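Understanding the architecture of this molecule
Listed below are the residues making up each chain.
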Amino acid sequence: MALLITGECINCDVCEPECPNGAISMGEEIYVIDPALCTECAGHFETSQCVEVCPVECIITDPDRVETRDVLLARYRHLVAGT
């Protein structure tokens with residue numbers, strides 16, 4: 001499941017540097033997560049690092065992108081192979 005940053009984002013800048021895949025960037029108004037790059041930190045960490053550091057708890061599982069851990073790990077392997 002890719003993650004999603006909700007409208008409660010306060011643009012505090014703490015999530016972007018925590019993402020090991022570079023999936024987080026500044027959008028038009030708030031930070032956004034690229035679902036093609038988000039692995040919920042699978043392959044890197046046990047927990048999603050952006051969720052861990054978010055002070056307003058505005059990063060949630062994207063209900064439109066339900067994915068298994070196996071899918072997330074396959075994406076991680078694909079991203080790592082491409083570097």
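Please refer to the structure higher up on the page.
Residues numbered from 1 in each chain as written. Predicted model: local features only at pLDDT ≥ 70, side-chain atom pairs only at ≥ 80, totals over all residues. Heavy atoms only, no water.

Considering the overall build of the chain
Per the secondary structure count, the chain includes two helices and four strands. Reading the chain from its N terminus to its C terminus gives the helix and strand order β-β-β-α-β-α. Its C-alpha radius of gyration of 12 Å places the chain within 12% of the 12 Å reference for a compact globule of 83 residues. A principal-axis box enclosing the C-alpha atoms of the chain has dimensions of 35 × 25 × 25 Å. The burial tally for the chain puts 34% of its 83 residues in the buried class. The long-range share in the chain, meaning contacts at least 24 apart out of those at least 6 apart in sequence, stands at 66%. Total accessible area on the chain is roughly 5,100 Å²; 52% of this is exposed by carbon and sulfur atoms. Charge-centre separation for the chain: the mean point of 4 positive side chains lies 13 Å from the mean point of 15 negative side chains. (Helix = DSSP H or I, 4+ residues; strand = E, 2+ residues; numbered from the N terminus. Rg over C-alpha atoms; globule rule 2.2 N^0.38 Å. Buried < 20%, exposed > 50% of the residue type's maximum accessible area, 1.4 Å probe, protein only. Contact = heavy atoms within 4.5 Å. Areas by Shrake-Rupley, 256 points an atom, 1.4 Å probe, with all protein chains shown as cover. Lys, Arg positive; Asp, Glu negative; His and termini not counted. Charge placed at Lys NZ, Arg CZ, Asp CG, Glu CD.)

Topic: the state of the cysteines
For the structure shown, the criterion picks out zero disulfides. No disulfide involves Cys-12; its sulfur sits 6.0 Å from that of Cys-54, the nearest cysteine. With no disulfide of its own, Cys-50 lies 6.1 Å from the sulfur of Cys-41, the closest cysteine sulfur. On the accessibility criterion, Cys-50 (8% relative accessible area) is buried. (Disulfide = S-S within 2.5 Å.)

Re the environment of Asp-70
Mapped onto the secondary structure, Asp-70 falls in helix α2 (residues 69–81). Sequence-wise, Asp-70 and Cys-50 are 20 residues apart; in three dimensions their C-alpha atoms are separated by 20 Å.

Things to note about the pattern of salt bridges
Counted by the stated rule, this structure contains two salt bridges. Across the salt bridge formed by Arg-65 and Asp-62, the nearest N and O atoms sit 4.0 Å from each other. Of the residues examined, Arg-65 reaches a relative accessible area of 40% and is grouped as partly exposed. In this structure, the salt-bridge partner of Glu-67 is Arg-75, at a minimum N-O distance of 2.4 Å. In terms of burial, Glu-67 and Arg-75 fall into one category: buried. (Salt bridge = Lys/Arg side-chain N within 4 Å of Asp/Glu carboxyl O.)

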